[in-house]
Amino acid sequence: GCGDPYRPGTVYFSKNFNPDSVPDRYNLELAPPSEPLTGGCLLNGESFAFSDVHCWALRPSFGGENQYTAREVPTGVGAISHFAICTDGKAIYFVGKDGIYATSGGPATPLTTKENIYSLFPHEGVPGVTWRWLGQTILAPDYIYPEKFRLAYANGYLYFDYPDFSGGSYRLVY
């Protein structure tokens, strides 16, 4: 788990088969306090933890001093919030600072490219802009409220729910 306000860059884990028991040494500092962890998920037996800048894979280290060994995953971008991370069992999907990405434990692939909804997301200090497609107006996500972003995968579709700049909400389906 992550989200400790006193140790924001630290991930915690419990004893096997006893989730109510968390000894003091069952934690691993992945990032400095200035880079809080935003969330995580499981993929192919590995735990993944994200900050808004980085991603780490955590593997059990059997018999070692630490319960897990962390390695930084070269995604190139982190996840913007806790509920903006999901998986379909083959890849991890997450909302980054400038779009939606997928990774299978290596470099992240952007799903929001210049050929599709790229302009909805902020890039290089320029906020996202309204986008028109098939006669519909799609408002850009409001990155002031990343805690309200929701990313989910179900029945072969990726769903992104977010607050827009007008105070309403949108759902994008990929």
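Please read these numbers as outputs of a predicted model, since none were measured by experiment. (Residues numbered from 1 in each chain as written. Predicted model: local features only at pLDDT ≥ 70, side-chain atom pairs only at ≥ 80, totals over all residues. Heavy atoms only, no water.)

**Student:** Tell me what's going on with the packing of aromatic side chains, and back it up with residues and numbers.
**Tutor:** Two descriptors summarise a pair of aromatic rings, namely the distance from one centre to the other and the angle between the planes of the rings. The tally for this structure, following the rule as stated, stands at eleven aromatic pairs. Here Phe50 and Phe94 contribute two aromatic rings whose centre-to-centre distance is 4.9 Å and whose plane-to-plane angle is 45 degrees, an arrangement assigned as tilted. Taken together, the residues Phe50 in strand S4 (residues 46–51) and Phe94 in strand S8 (residues 92–96) connect sequence positions 44 residues apart. Assessed through its relative accessible area of 0%, Phe50 is described here as buried. Ring centres 5.7 Å apart and planes at 20 degrees place the aromatic pair Phe94 and Tyr101 in the stacked group. Three or more aromatic residues joined by ring pairs form one cluster here, namely Phe121, Tyr143, Phe149, Phe160, Tyr162 and Tyr170. (Phe/Tyr/Trp six-rings, centres within 6.5 Å; stacked < 30°, edge-to-face > 60°. Helix = DSSP H or I, 4+ residues; strand = E, 2+ residues; numbered from the N terminus. Buried < 20%, exposed > 50% of the residue type's maximum accessible area, 1.4 Å probe, protein only.)

**Student:** Account for the pairing of strand S13 (residues 150–154), with residues named and values stated.
**Tutor:** Looking at chain direction, S13 and strand S14 (residues 157–163) are connected through five bridges and run antiparallel. Following the sheet pairing, Arg150 is matched in S14 by Asp161. Between the end of S13 and the start of S14, which pair antiparallel, lie two residues, with Asn155 showing a positive phi angle near 55 degrees. (Pairing = 2+ DSSP bridges.)

**Student:** Any chance you could break down the layout of surface pockets for me, citing the residues and the numbers?
**Tutor:** In this structure, the largest pocket encloses a volume near 300 Å³. For the largest pocket, the lining is made up of 14 residues, of which Ile117, Trp131, Leu172, Val173 and Tyr174 are closest to its centre. If you list the elements that add at least two residues to the lining of the largest pocket, you get strand S11 (131–133), S14 and strand S15 (169–173). Among the elements that make up the lining of the largest pocket, the one with the highest residue count is S15 (three residues). Its residues assigned to classes, the lining of the largest pocket comprises eleven nonpolar, two polar and one charged. Of the voids in this model, the second largest pocket is the one considered here, and its volume is about 200 Å³. Contributing to the lining of the second largest pocket are 13 residues, with Gly1, Val11, Tyr12, Ser47 and Leu58 lying nearest its centre. Among the secondary structure elements, those contributing two or more residues to the lining of the second largest pocket are strand S1 (10–12), strand S3 (37–43) and S4. Residues that form the lining of the second largest pocket fall into these classes: nine nonpolar, four polar and no charged. (1 Å grid on protein atoms, 1.4 Å probe; cavity = no way out; pocket = protein on both sides within 12 Å on 5 of 7 lines; lining within 4 Å. Points joined across faces, edges and corners; volume = space filled by probe spheres on them. Nonpolar A, V, L, I, M, F, W, Y, C, P; charged D, E, K, R; others polar.)

**Student:** Before we move on, could you go through the sheet that holds strand S7 (residues 85–87) and cite the residues and values that matter?
**Tutor:** Taken together, four strands build an open sheet; the order of strands is S7-S8-S9-S10 and the sheet is antiparallel. Of all the strands in the sheet, the pair left with one neighbour each is S7 and strand S10 (109–110). Relative to S8, S7 runs antiparallel, the two sharing three bridges. The residue bridging Cys86 from the neighbouring strand is Tyr93, located in S8.

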